Amino acid sequence: MEENRTDPKQGPCHPLPARAYTGGETFLHNLPYILMMVLGVAVLFRSFGTSVWADVAAVGYVLYGLIGALWIMVFVCPFCRFWGTDSCPCGYGKIAARFRNREPEDRFNEKFKRHIPAIVPLWFLPLIAAAPVLVRGFTWGLLVLVLVFAMDAFVILPRLSIQHGCRDCPQREGCPWMKGRNAAA
């Protein structure tokens, strides 16, 4: 069953699936991102050793991850059909409604393409920090951390997003992230 909603500023909006995510489901959807952040911090600590740079890099990485999520909530979510609802699998839609008013949904793809690159470095910074350390003085501990980080960041996180969050998204057909991908696969 679909529920129609009305936005006071823009009138009727597209119907949304009745699917509302619970807090537990939202946490599980965010778990791979959280794990990526924890593993990224571990890689940075291991890469920088006991220097003050380890603390600076780790704190900077966590702040970047949090600011990146906020960036998406402020600059992408207001254009999403899930804005202000519990139908957003990652929970950003409800949070975004506290920061910004609803914006036209037909600009979602444009905003997504423009702002997603702001968070892409999160996937690469730990790898960039670890590469020279592994070349100069290889350690199995760092290599294992890097491999687990890469598995989460480049395999688990995108696969779960595609199979769960994207599968139920009414914007998936035109979404730049989903272009050429099958949410059912």
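Residues numbered from 1 in each chain as written. Predicted model: local features only at pLDDT ≥ 70, side-chain atom pairs only at ≥ 80, totals over all residues. Heavy atoms only, no water.

Enquirer: If you had to explain the overall build of the chain to someone new, which residues and values would you point to?
Expert: Helix and strand counts for the chain come out as 6 helices and 4 strands. Reading the chain from its N end, one meets helices and strands in the order β-β-β-β-α-α-α-α-α-α. Here the chain holds 185 residues, and 42% of them are scored as buried. Sequence-distant contacts in the chain: of pairs separated by 6 or more residues, those separated by 24 or more amount to 65%. By element, 67% of the accessible surface of the chain is carried by carbon and sulfur atoms, the whole surface being about 10500 Å². (Helix = DSSP H or I, 4+ residues; strand = E, 2+ residues; numbered from the N terminus. Buried < 20%, exposed > 50% of the residue type's maximum accessible area, 1.4 Å probe, protein only. Contact = heavy atoms within 4.5 Å. Areas by Shrake-Rupley, 256 points an atom, 1.4 Å probe, with all protein chains shown as cover.)

Enquirer: Please give an account of the nonpolar core that cites residues and values.
Expert: M36, Y61, Y92, L122 and W123 are the most contacted members of the largest nonpolar core, which has 40 residues in total. Only α1 (23-48), α2 (52-75), α3 (92-99), α4 (108-115), α5 (125-136) and α6 (140-166) provide two or more residues apiece to this core. L122 has contacts with Y33, M36, M37, Y61, Y64, G65 and F149, leaving out every residue within four places of it along the chain. (Core = buried A, V, L, I, M, F, W, Y, C linked by side-chain atoms within 4.5 Å.)

Enquirer: Give a description of the environment of M36 that names residues and reports values.
Expert: Along the chain, M36 turns up in helix α1. Take M36: its relative accessible area is 0%, and that puts it in the buried class. Sequence separation between M36 and A153 is 117 residues; the distance between their C-alpha atoms is 5.8 Å. Residues in contact with M36, not counting those within four places in the same chain, are Y61, L122, W123, F149, D152, A153 and L157.

Enquirer: Describe α1, and please don't skip the residues or the numbers.
Expert: Its 26 residues place the ends of α1 36 Å apart at the C-alpha level, agreeing with the 38 Å of an ideal helix rising 1.5 Å per residue. At L31, α1 is deflected by roughly 45 degrees, the largest bend along its length, and proline P32 occurs up to four residues later in sequence. Within α1, the full set of buried residues consists of T26, N30, P32, Y33, M36, M37, L39, G40, V41, V43, L44 and S47. Looking one or two residues beyond α1, the residue adopting positive phi is G49, at roughly 65 degrees. (Expected span 1.5 Å × (residues − 1). Bend = angle between axes of the 7 residues up to and from the residue.)

Enquirer: Report on the pattern of salt bridges, specifying residues and quantitative values.
Expert: According to the stated counting rule, one finds 5 salt bridges in the structure shown. Residue R100 is joined to E103 by a salt bridge in which the shortest nitrogen-to-oxygen separation is 3.3 Å. What makes E103 partly exposed here is its relative accessible area of 22%. With a shortest N-O distance of 2.1 Å, E105 and R102 are connected by a salt bridge. Overall, E105 belongs to the buried group, its relative accessible area being 13%. Residue R102 is classed as buried on the basis of its relative accessible area of 2%. (Salt bridge = Lys/Arg side-chain N within 4 Å of Asp/Glu carboxyl O.)

Enquirer: Describe the confidence of the model for the chain, with residues and values.
Expert: Residues of the chain with pLDDT of at least 70 account for 82%, and the chain-wide mean is 85. Confidence scores differ between elements of the chain, with strand β1 (residues 2-3) showing the lowest mean pLDDT of 42 and α5 the highest of 96. Overall, residues 1-14 carries pLDDT values under 50, and its contacts beyond four positions in sequence, including any with other chains, amount to 31 contacts. (pLDDT = per-residue confidence, 0-100.)

Enquirer: How would you explain the side chain of D152 if you had to name every residue and give the values?
Expert: By secondary structure assignment, the location of D152 is in helix α6. The side chain of D152 is buried and forms no salt bridge, while R159, the nearest opposite charge, is found at 12 Å. Ignoring any residue separated from it by four or fewer positions in sequence, one finds D152 in contact with P32, L35, M36, L39, L157 and P158. (Lys, Arg positive; Asp, Glu negative; His and termini not counted.)

Enquirer: How would you explain the packing of α1 against α2 if you had to name every residue and give the values?
Expert: Contact pair α1 / α2: the axes reach a minimum separation of 8 Å and the direction vectors enclose 160 degrees. Here α1 lies roughly antiparallel to α2, going by the angle between them. At the point where α1 passes α2, the crossing takes the right-handed sense. Each of Y33, M36, M37, G40, V41, L44, F45 and F48 in α1 lies in contact with α2, whose residues at this interface are W53, A54, D55, A57, A58, Y61, V62, G65 and A69. Split into classes, the residues belonging to the contact of α1 with α2 amount to 14 nonpolar, 2 polar and 1 charged. (Axes fitted to C-alpha atoms, helices over the stretch in contact; angles between N-to-C directions. Parallel < 35°, antiparallel > 145°, perpendicular 65-115°, else oblique. Left-handed = near helix turned anticlockwise from the far one by under 90°. Nonpolar A, V, L, I, M, F, W, Y, C, P; charged D, E, K, R; others polar.)

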